[in-house]
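# Report on the structure
Take a look at the letters that make up each chain.
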Amino acid sequence: GAVVSQHPSRVICKSGTSVKIECRSLDFQATTMFWYRQFPKQSLMLMATSNEGSKATYEQGVEKDKFLINHASLTLSTLTVTSAHPEDSSFYICSAAISRDLSGNTIYFGEGSWLTVV
Amino acid sequence: QKEVEQNSGPLSVPEGAIASLNCTYSDRGSQSFFWYRQYSGKSPELIMSIYSNGDKEDGRFTAQLNKASQYVSLLIRDSQPSDSATYLCAVNAGYQKVTFGIGTKLQVIP
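All values reported here derive from a predicted model rather than from experimental measurement.

Moving on, we get to the nonpolar core. Looking at soluble globular proteins, one finds that nonpolar side chains tend to be buried together. In this structure, A:Trp35, A:Phe67, A:Tyr92 and A:Leu115 are the most contacted members of the largest nonpolar core, which totals 24 residues. Secondary-structure elements contributing two or more residues to this core are strand 2 (10-13), strand 3 (19-25), strand 4 (32-38), strand 5 (45-51), strand 7 (67-73), strand 8 (76-81), strand 9 (90-101) and strand 11 (113-117) of chain A. Among the nonpolar cores identified, the runner-up in size contains 23 residues, and B:Tyr25, B:Ile50, B:Leu65 and B:Val108 belong to it.

Under the counting rule described, the total for this entry stands at two disulfides over all chains. Disulfide pairing is shown between A:Cys23 and A:Cys94; the S-S distance is 2.0 Å. In this structure, the disulfide formed by A:Cys23 and A:Cys94 twists by about 80° around the S-S bond and is classed as right-handed. Highlighted residues: A:Cys23 in strand 3 and A:Cys94 in strand 9, separated in sequence by 71 residues. The pair formed by A:Cys23 and A:Cys94 is uniform in burial state, with each residue classed as buried. Here B:Cys23 engages in a disulfide with B:Cys89; their sulfurs sit 2.1 Å apart. Looking down the S-S bond of the B:Cys23 and B:Cys89 bridge, the torsion is -70°, so its handedness is left-handed.

This next bit is on the packing of aromatic side chains. By convention here, two paired aromatic rings are described through the distance between centres and the angle between planes. For the structure on display, the rule yields ten aromatic pairs over all chains. Judged by centre distance (5.9 Å) and plane angle (90°), the ring pair of A:Tyr36 and B:Phe100 falls under edge-to-face. Pair noted here: A:Tyr36 is in strand 4 and B:Phe100 is in strand 10 (residues 98-100), and the two residues belong to different chains. Where A:Phe109 meets B:Tyr36, the ring centres are 5.3 Å apart and the plane angle is 90°; that geometry is what we call edge-to-face. Placement of the pair is A:Phe109 in strand 10 (residues 104-109) and B:Tyr36 in strand 4 (residues 32-38), with the two residues belonging to separate chains.

Cut-offs applied
Residues numbered from 1 in each chain as written. Chains lettered and ligands numbered in written order. Predicted model: local features only at pLDDT ≥ 70, side-chain atom pairs only at ≥ 80, totals over all residues. Heavy atoms only, no water. Core = buried A, V, L, I, M, F, W, Y, C linked by side-chain atoms within 4.5 Å. Buried < 20%, exposed > 50% of the residue type's maximum accessible area, 1.4 Å probe, protein only. Helix = DSSP H or I, 4+ residues; strand = E, 2+ residues; numbered from the N terminus. Disulfide = S-S within 2.5 Å. Phe/Tyr/Trp six-rings, centres within 6.5 Å; stacked < 30°, edge-to-face > 60°.

This is how it looks when you write it as structure tokens:
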């Protein structure tokens with residue numbers, strides 16, 4: 001089946017530094033990837049939609065200059081949290097869409113990345 | 001009105017019972033429907049997809065879709081403690097957009 005791989009699974013960084021999370025589609029080409037954030041015991045929150053070769057589309061309230069998304073190839077999207085602060089500590093999850101047919105997509109998730117900012 | 005609605009729960013069922021999870025959606029043009037399972041601290045895992053009215057069975061799981069009533073449900077037979085998780089309903093209303101519900105937390109009591 002389709003596999004989406006995310007790296008790193010856990011990262012600890014100092015406040016003020018930047019951290020990059022990678023999301024790869026391993027056996028298919030993903031023109032569209034999605035980035036979510038999930039705080040403990042809360043639901044998934046879509047942050048942005050990443051489209052290969054173009055700018056990401058950010059959801060309302062998500063700072064595009066703080067959460068940099070790059071989707072330079074059909075198998076890789078990256079999320080960079082810039083100038084991280086403790087309140088950015090969260091579970092970040094990427095997903096990729098496989099086009100089933102004209103009726104739409106199926107979403108597969110990466111393993112997620114736990115970010116802790118100290 | 002939220003696009004995809006689920007009761008957040010928790011839904012508690014005894015081991016061996018049938019767990020029934022429900023989801024309603026607002027966009028009548030929706031064509032694809034999915035159920036994901038998310039264990040605490042883990043990312044969601046696709047467990048069922050359904051595209052046409054009726055029932056679709058896979059092992060202990062049965063997905064039910066009723067487009068006229070705009071609801072989709074997931075039945076888990078012979079519930080096990082290992083089924084305890086949050087179940088996310090997702091709806092694809094178009095080529096790109098997939099919308100998730102908030103998820104229903106299921107607790108299977110031994």
